[in-house]
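Chain by chain, the residues run as shown.
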Amino acid sequence: CALPGSTWTLTKVWLCTARFHGEGYQEGLAEGSHAGMAEGRRHGALHGARMGSEIGCYLGFALTWHCLLQKCTDPKNSKKLRALNSLIGMIQKFPYEDPTYDKLQEDLEKIRGKFKQVCSMLNIQSDFRLGNERSSLTF
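Residues numbered from 1 in each chain as written. Predicted model: local features only at pLDDT ≥ 70, side-chain atom pairs only at ≥ 80, totals over all residues. Heavy atoms only, no water.

Taking an unreviewed UniProt entry as the reference, the protein is identified by name as ORAV1 protein belonging to Pheucticus melanocephalus. Annotation of the protein in UniProt includes, under Sequence similarities (unreviewed entry), the sentence "Belongs to the LTO1 family." (UniProt positions renumbered as here; feature names shortened; annotations may be inferred.)

If you want it as structure tokens, here you go:
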């Protein structure tokens, strides 16, 4: 079945257009996937470092106060020590190496809450800031 000249040329143009469109789509998809993976790694590393820094500060704080309060014989310290032990235990159980853990944010919020509770019990005003202004834990 022979097509007239102009119809055959239009069909060829249409087939070429469809082929190049498909190839362009595949190339764009591959390039976009690669760029997305690189951006995801940078984002994950940044937020993972922030989370690690925050939790590390909490652990250092808790261990320091635990050592200080153990030396004191005041009976009021037992409740504070229990709260510190609870915070230390929560931090030690935190799944640092599993970013797919489905309760990661929930557990981090529990640690933050326990930290605030301990600070309140010790009459310490806590202020943990991460960002452009200042990156510190102040007391």
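Having seen the structure, we can now continue with the description.
Caption draft 1: Focus on the overall build of the protein. Within the protein, the secondary structure is distributed over 3 helices and 2 strands. Shown N-terminal to C-terminal, the secondary structure of the protein runs as helices and strands in the order α-α-α-β-β. For the protein, buried positions account for 20% of its 139 residues. Looking at the protein alone, contacts between residues at least 24 apart form 56% of all its contacts between residues at least 6 apart. When the accessible surface of the protein is totalled, it reaches about 10,300 Å², and 58% of it is carbon and sulfur. (Helix = DSSP H or I, 4+ residues; strand = E, 2+ residues; numbered from the N terminus. Buried < 20%, exposed > 50% of the residue type's maximum accessible area, 1.4 Å probe, protein only. Contact = heavy atoms within 4.5 Å. Areas by Shrake-Rupley, 256 points an atom, 1.4 Å probe, with all protein chains shown as cover.)

Caption draft 2: Region of the structure containing the pattern of salt bridges. Following the criterion strictly, the structure yields 4 salt bridges and no others. The shortest N-O distance in the salt bridge between E106 and K110 comes to 3.6 Å. You can see E106 and its partner K110 sitting in helix α3 (residues 104–121), 4 residues apart, about one turn around the helix. Owing to a relative accessible area of 41%, E106 belongs among the partly exposed residues under this scheme. In this structure, E109 and R112 form a salt bridge, with 2.5 Å as the shortest nitrogen-oxygen distance. (Salt bridge = Lys/Arg side-chain N within 4 Å of Asp/Glu carboxyl O.)

Caption draft 3: Fine view of the nonpolar core. Residues F61, L87, F94 and V118 are the most contacted members of the largest nonpolar core, which totals 21 residues. If you list the elements that add at least two residues to this core, you get α1 (5–70), α2 (77–93) and α3. Each residue touching L87, except ones within four places of it in the same chain, is listed here: Y58, A62, I111, K114, F115 and V118. (Core = buried A, V, L, I, M, F, W, Y, C linked by side-chain atoms within 4.5 Å.)

Caption draft 4: Summary view of unusual backbone geometry. A positive phi angle, close to 55°, is found at N123, a residue other than glycine. Counting through the fold element by element, N123 comes out in the loop between α3 and β1 (127–129). Overall, N123 belongs to the exposed group, its relative accessible area being 72%.

Caption draft 5: Structural context of α2. Across its 17 residues, α2 extends 24 Å between first and last C-alpha, which sits within 8% of the 24 Å expected from 1.5 Å per residue. Of all the residues in α2, the buried ones are N77, L81, A83, L84, L87, I88 and I91. Relative to the axis of α2, the buried residues are bounded by an arc of 160° and lie together on one face. For α2, exposure combined with an orientation more than 90 degrees from the buried face picks out K79, R82 and K93. (Expected span 1.5 Å × (residues − 1). Arc of directions from axis to C-beta.)

Caption draft 6: Broad picture of the UniProt feature "domain: Essential protein Yae1 N-terminal" (unreviewed entry) in the protein. Listed under "domain: Essential protein Yae1 N-terminal" (unreviewed entry) in the UniProt record, and renumbered for this structure, are residues 24–62. Between the end C-alpha atoms of residues 24–62 there is a gap of 56 Å, over a span that is 100% helix and 0% strand.

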